Amino acid sequence: VPYTIADLTKLGGNKLFLTYHVMGAGYDYLTPVGCALGALILPRTKRFGTLTPLQAAGMGGITLGSVGMGLGLMAMIKASNSKEPKIPWTEDGIQMRVDGISHNYTVRALDFGVWAGIAAAGCALVGYGGPQKLGLSPGIMGNLQAIALGSAIGSVSAIGIISVTK
């Protein structure tokens with residue numbers, strides 16, 4: 001994967017690039033889990049019982065994807081405060097981490113897959129005339145559900161490609 005959206009974060013420096021990837025990894029892995037759990041659990045609850053399984057999957061993806069980003073950030077903070085890190089948290093150490101991520105096939109394929117899924121969701125929203133036409137909630141919430149569903153499809157697709165090609 002020669003270029004991904006992540007390459008744009010390099011314009012903000014190594015720390016932004018690293019933070020994007022650490023938070024993104026949590027999002028990439030937990031969004032599909034959230035979609036699956038959301039579709040199975042949320043429609044059976046009193047509070048969210050009116051959601052269709054598709055809307056609930058989107059809600060679950062939004063929720064666990066956000067949790068994944070937070071967990072990624074907390075893990076990075078914890079690692080940076082470690083007394084004896086494997087790689088020091090100096091400018092040189094951060095550069096080593098960035099160099100490792102920049103050439104990591106798995107990381108780049110996941111990033112590409114998720115953004116491709118987001119792009120496909122955006123095209124579907126525009127092509128069909130909004131989230132309600134796709135069976136999602138109205139307004140911003142429906143757009144977010146579409147993004148979560150697209151991300152999950154892109155992530156699962158990327159994981160499948162990675163597992164076949166590695």
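Look a little higher up for the structure.
How each quantity is defined
- Residues numbered from 1 in each chain as written.
- Predicted model: local features only at pLDDT ≥ 70, side-chain atom pairs only at ≥ 80, totals over all residues.
- Heavy atoms only, no water.
- Helix = DSSP H or I, 4+ residues; strand = E, 2+ residues; numbered from the N terminus.
- Contact = heavy atoms within 4.5 Å.
- Phe/Tyr/Trp six-rings, centres within 6.5 Å; stacked < 30°, edge-to-face > 60°.
- Lys NZ or Arg CZ within 6 Å of the ring centre and 35° of its normal.
- Core = buried A, V, L, I, M, F, W, Y, C linked by side-chain atoms within 4.5 Å.
- Buried < 20%, exposed > 50% of the residue type's maximum accessible area, 1.4 Å probe, protein only.

(A) Up close: the overall build of the protein. Assigned secondary structure in the protein consists of five helices and zero strands. Listing each helix as α and each strand as β along the protein from the N terminus yields α-α-α-α-α. With the C-alpha coordinates of the protein rotated into their principal frame, the extents come out at 50 × 35 × 30 Å. Expressed as a percentage of contacts within the protein between residues at least 6 apart in sequence, the contacts between residues at least 24 apart total 70%.

(B) Up close: the packing of aromatic side chains. Throughout the structure, instances matching the rule amount to zero aromatic pairs. Stacked on the ring of F17, the Lys or Arg K10 has its end atom at 5.0 Å from the ring centre. It is R97 that lies over the ring of W89; its NZ or CZ is 3.7 Å from the centre.

(C) Structural context of the nonpolar core. If you look at the biggest cluster of nonpolar residues, it comprises eight residues: C35, A57, A121, L125, L136, A146, L149 and A152. At the level of secondary structure, the elements contributing two or more residues to this core comprise α4 (105–128) and α5 (139–165). The greatest single-element share of this core, amounting to three residues, is contributed by α5. With sequence-adjacent residues up to four places away left out, A121 is seen in contact with A146, I147 and G150. Core analysis: the second largest hydrophobic core is formed by seven residues, M76, I94, V98 and I101 among them.

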